[in-house]
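Analysis of the macromolecular model
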Amino acid sequence: MNICLTSGTKKITSIHRAANAALAQRIDATSVAEELARSSKDVINITVECQESDIITDSSGEKYRAIFSALLHFPATRDLHVQGPERDTKAEAIKDSEVLGKAYEFEGEPGLRRVAERLERKTWSRAEITGAAESSFEGLLRDPQAKTGTKVEKLIPPGEGWVRSNDEMLWDPRSEVYFVQIGTQMGKYLMKDSKTKQFQEVDTPHTSTEFAINARAGGASLVRRGAKMERTVMLPDMPKIARLALKFPLSFLDSPACAFSIFQGLRSAEAADWCAKNFHTRLLKALGGKIHNWETRELQTVLATVLRDMDSELLKGTTAFSGCNALLALLLGDRLVVSGVGQVRALLLFEDDSTRLLLAGTHDCLAEKERERVEEAMGVMQDGLLHRTLETTDDAQRILRAKNCFEVLSLEAGGPIDEKQIKAAYRKLVLKVHPDKRGDAVDLDAYNKAFARLDSAKDEAETILSKDADACRELCKVLSANIHTREGAAELLGVDKTADTDTDSVTEEAEKACRWQIKRLEKLEASANKLFEQAKAVCKEAVETIRRPGSSEALPRQEALLKVGLSTSRAMGARDLRFPTPIVKMEPESAAWSVPTAGKGCRLALLVGATAALPSPRLVALGKGMLKQPKAAALRWCQEADASANSVGAICIGLEVRKRPGEQSPAAAKRLKTTSLGSGEAGSVFLRHVLFRHSQLRHVDPMARREGAAKTVSEAEAAALETLRELLASPAAFGKICRERSDCQTGSQPGNMCGHLGWLGRGEQEPAVEEAAFSLEVNDFSDIVTTCRGIHIIQRLG
């Protein structure tokens, strides 16, 4: 029967007197100040429960477990629940409860959790169960109040990455959380208040939870013309990558902990390439900044912040004019979070052929709201592409596209000398755009709008000139400057136009010139506020052009991108379309979804550019039968994308419920049959494959049967995809297909041995082959696998 003890303000319930005694000692040692700070009672229960029933019996066949649960009210109300391992006898579970009680007495919550982990590996002997309590605890507990006179042992917090702060505390430099190892606050986690600089207690770090979810991903791209514009990044095990690449742990993340990204260059591949190389460091450092539980909304903020940080760096460097679409996906435990900008789409595809749209990025310049915004920012659309300025021979269109009254009147950069010059320019243009002077074949609505704007521009220019002629001419000069070229910015600010990688001194001169230029225009702030603010933004952007480092060799190529239009109204980079007026915006959009941990799996499609435009039913149909071949499905989507796109890309991520060890799917069990393969060593698999070589391979292959017919990797992948589709439809045709198409010598082996690689263990093949082979069930075909030998399709036979 349960015994209930009460001491101070804590109520404790336990089935064992020794555990209660241990907890009572801890209560008596609690300071009076701490007790007064508590407004509610802490309730702590230590029980032994039967796995199958609430009634504990000694009958055989049942399992027992020690349970430590508590409702704590200091420093904040929260539940604490820790359980011991399953035991065959009640006596073992009672022994576990004693240890858990002692652990909480000596070390608080950190010690409780540490001892619970050690108990998983502890087997109690009969002597320990029946012997003295203290002697049986050796190796499990650390007693800071030991009477032996030995040095007090310091508590060690869970997780990795702690460094020494002082004699009493450890510090996690990324999250800035402190852990107290000894003293009156032993076992507590603290953080410094940013304002008062005083320590405040915080919650215990998050304990990583492993979810029964497998994520299998594959990315593909297809280049039809020109250069490859897509870059994909796969981070299948973020804690491992953080430890190896960045030298710090991520031990507090739920698992699976993986991330994926795809970037598509718009004007060139430079921005996408830079983002792909820097994505992992930005994301991993952001996730390492918190050792407590991540809320889903916080994870969405993290991805959006990563995009903003990378965009900020793009705008400062030589990639400023190169834009890109971007889509990120993060899987932590059972939470899937996506964030993107531009022409991107994240779509869930389920096994019953249904779909669910997670994210569709705002990007269409022709959509009503977006078109209005672009027009207000004075953007120009032509042939589906977005420009800041565009030359045209149509006078009405030129007037409608003009950025200011001076540009409408076609006044030179020096500005109007007097009103006569403004009127002369007006009369010259009236004859060209007056609706009554045009024939029926023209767009009269455009000419009516152009004529009205011409009238308005004349009046505005005359008003500005009358206020201050010098300031008016200076305003015209500023607004006419081509500030996105180094020459144009240098001419406006009167500084050296030579490109250089060290721009500190010339930037300082440019900033002074900018302030002086703005001061000269302040006389017009009241009478022409809109144009004044526009001119101020132009001057500041000119400074940023001068600040940007570059070389004389690369500058012409970079500035040539200014003439290339953008196919989206949202993007990263593309500085000339974002400043000084935001024709293009960079506003990340995010979404989240909870991945089921039971039932059937699904796939996540990450699409950019032309693949994002594919209809959902078509994506389902194209990926049919390729549930375990994500790279093949992604390549199939790329092949189906709009043929006018020069380069396309996609990522497919398979999310499935992890099977228990030894469990086999019904389909695989049904296909399993007796073969004459013999038997291999434990942990080995029997494989056969089809190899496709291509001309871009750099290594000599002694097992090559012939040179491949494919010239490029893309051609070899296309051939492998077609072969995979045939094998999935007709597995029995493997021998014939392998003999005809494989570029490996194994394709010449006789009879059923065609394509056989034999029994292979871990470490005997390239990592890509090993990873694919050991993830297959018997008779399954792999995804498209790339190695130094070429492109493979692998089948596991045993």
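To be clear, the structure that these remarks concern was listed above.
Overview of the structure. Note that the structure is a prediction, hence the values are computed from the model and not measured. (Residues numbered from 1 in each chain as written. Predicted model: local features only at pLDDT ≥ 70, side-chain atom pairs only at ≥ 80, totals over all residues. Heavy atoms only, no water.)

1. A few points about the overall build of the chain
Helix and strand content of the chain: 23 helices and 26 strands. In the chain, once contacts between residues fewer than 6 apart in sequence are set aside, the share between residues at least 24 apart is 67%. Counting every atom, the chain has about 38,600 Å² of accessible surface; 50% of that belongs to carbon and sulfur. (Helix = DSSP H or I, 4+ residues; strand = E, 2+ residues; numbered from the N terminus. Contact = heavy atoms within 4.5 Å. Areas by Shrake-Rupley, 256 points an atom, 1.4 Å probe, with all protein chains shown as cover.)

2. Observations concerning the packing of helix α13 (residues 469-480) against helix α15 (residues 504-521)
Two elements in contact, α13 and α15, have axes separated by 9 Å at closest approach and are oriented at 135°. Put simply, α13 runs oblique to α15. Mapping the contact onto sequence places Ala 471, Glu 474, Leu 475, Lys 477 and Val 478 in α13 and Gln 517, Arg 520 and Leu 521 in α15. (Axes fitted to C-alpha atoms, helices over the stretch in contact; angles between N-to-C directions. Parallel < 35°, antiparallel > 145°, perpendicular 65-115°, else oblique.)

3. A few points about the packing of helix α6 (residues 270-287) against helix α7 (residues 296-316)
Remark: α6 packs on α7, axes separated minimally by 9 Å, with the N-to-C direction vectors making an angle of 135°. Of the possible angle classes, the one that applies to α6 and α7 is oblique. The way α6 lies across α7 gives a crossing that is right-handed. Two secondary-structure elements touch here, α6 through Ala 271, Trp 274, Cys 275, Asn 278, Phe 279, Arg 282, Leu 283, Ala 286 and Leu 287 and α7 through Leu 299, Val 302, Leu 303, Val 306, Asp 309, Met 310, Glu 313 and Leu 314. Taken together, the residues of the contact of α6 with α7 sort by class into 13 nonpolar, one polar and three charged. (Left-handed = near helix turned anticlockwise from the far one by under 90°. Nonpolar A, V, L, I, M, F, W, Y, C, P; charged D, E, K, R; others polar.)

4. Observations concerning the sheet that holds strand β26 (residues 790-796)
Within the open sheet, the four strands sit side by side as β24-β23-β26-β25. Their pairing is antiparallel. Only two strands of the sheet have a single neighbouring strand rather than two, namely β24 (756-760) and β25 (785-787). This sheet shows a mean twist of 40° between the axes of neighbouring strands, independent of strand direction. Strand direction decides the pairing type here: strand β23 (residues 685-692) and β24, joined by four bridges, are antiparallel. By the bridge assignment, Phe 686 is partnered in β24 with Trp 759. Of the strands in this sheet, β23 and β26 touch helix α22 (residues 734-741), which is tilted by about 45° from β23. (Pairing = 2+ DSSP bridges.)

5. Digging into empty space enclosed by the protein
The full count for this structure, using the stated rule, is six cavities of 30 Å³ or more. Taken as a whole, the largest cavity holds about 140 Å³ of empty space. Surrounding the largest cavity, 14 residues form its lining, Phe 321, Arg 548, Leu 555, Gln 558 and Glu 559 being those nearest its centre. The greatest single-element share of the lining of the largest cavity, amounting to three residues, is contributed by helix α17 (residues 555-560). Across the lining of the largest cavity, the residue classes break down as five nonpolar, six polar and three charged. Of the voids in this model, the second largest cavity is the one considered here, and its volume is about 80 Å³. For the lining of the second largest cavity, the class distribution of residues is six nonpolar, two polar and four charged. (1 Å grid on protein atoms, 1.4 Å probe; cavity = no way out; pocket = protein on both sides within 12 Å on 5 of 7 lines; lining within 4 Å. Points joined across faces, edges and corners; volume = space filled by probe spheres on them.)

6. Considerations on the side chain of Gln 517
Positionally, Gln 517 belongs in helix α15. On the basis of relative accessible area, Gln 517 is assigned to the buried category, the value being 2%. Among the polar contacts listed, one links the side chain of Gln 517 to the backbone oxygen of Leu 492, at a separation of 3.4 Å. (Buried < 20%, exposed > 50% of the residue type's maximum accessible area, 1.4 Å probe, protein only. Polar contact = N/O pair within 3.5 Å; in protein donor to acceptor, adjacent residues only side chain to side chain.)

7. So, the nonpolar core
Ranked by size, the top nonpolar core spans 49 residues in total, and within it Phe 406, Leu 409, Leu 454, Ile 464, Leu 475, Leu 493 and Ile 546 carry the most contacts. Those elements giving two or more residues to this core turn out to be α9 (395-401), α10 (405-408), α11 (419-433), α12 (444-467), α13, α14 (486-493), α15 and α16 (529-547). With eight residues, the single largest contributor to this core is α16. Ignoring sequence-local partners within four residues, the contact set of Ile 464 consists of Cys 405, Phe 406, Cys 472, Leu 475, Leu 524, Ala 528 and Leu 531. (Core = buried A, V, L, I, M, F, W, Y, C linked by side-chain atoms within 4.5 Å.)

8. Some words on the state of the cysteines
Per the counting criterion, the structure on display carries zero disulfides. A disulfide-free cysteine, Cys 472 has its sulfur positioned 7.0 Å from the sulfur of Cys 476, the nearest such atom. (Disulfide = S-S within 2.5 Å.)

9. Examining α13
Each full turn of the α-helix corresponds to 3.6 residues, which orients residues three or four apart in the same direction. Over its twelve residues, α13 runs 17 Å from end to end, which matches the ideal 16 Å to within 8%, given 1.5 Å per residue. For α13, the complete set of buried residues consists of Ala 471, Cys 472, Glu 474, Leu 475, Cys 476, Val 478 and Leu 479. Of the surrounding secondary structure, the elements contacted by the buried residues of α13 are α10, α12, α14, α15 and α16. (Expected span 1.5 Å × (residues − 1).)

10. Some thoughts on the sheet that holds strand β10 (residues 199-202)
Strand order in this open sheet of five strands is β6-β7-β8-β9-β10, and the pairing throughout is antiparallel. Of all the strands in the sheet, the pair left with one neighbour each is β6 (163-164) and β10. Where strand β9 (residues 189-192) lies against β10, four bridges are found, and the strand directions are antiparallel. Across the sheet, residue Met 191 finds its bridge partner in β10, namely Gln 200.

11. Concerning unusual backbone geometry
Here the residue pair Ser 255 and Pro 256 is connected by a cis peptide bond, since its omega of 5° sits within 30 degrees of zero. Its location among the elements puts Pro 256 in the loop between α5 (238-246) and β13 (257-265). Cis rather than trans, the peptide bond between Phe 579 and Pro 580 has omega equal to 5°. With respect to the element layout, Pro 580 can be found in the loop between α17 and β20 (589-594).

12. Thoughts on a negative patch on the surface
Together, Asp 496, Asp 500, Asp 502, Asp 504, Glu 508 and Glu 509 line one region of the surface with negative charge. Position of Asp 496 among the secondary structure elements: in the loop between α14 and α15. (Patch = residues over 30% accessible without salt bridge, like charges linked within 9 Å, V, L, I, M, F, W, Y side chains within 5 Å. Salt bridge = Lys/Arg side-chain N within 4 Å of Asp/Glu carboxyl O. Lys, Arg positive; Asp, Glu negative; His and termini not counted. Charge placed at Lys NZ, Arg CZ, Asp CG, Glu CD.)

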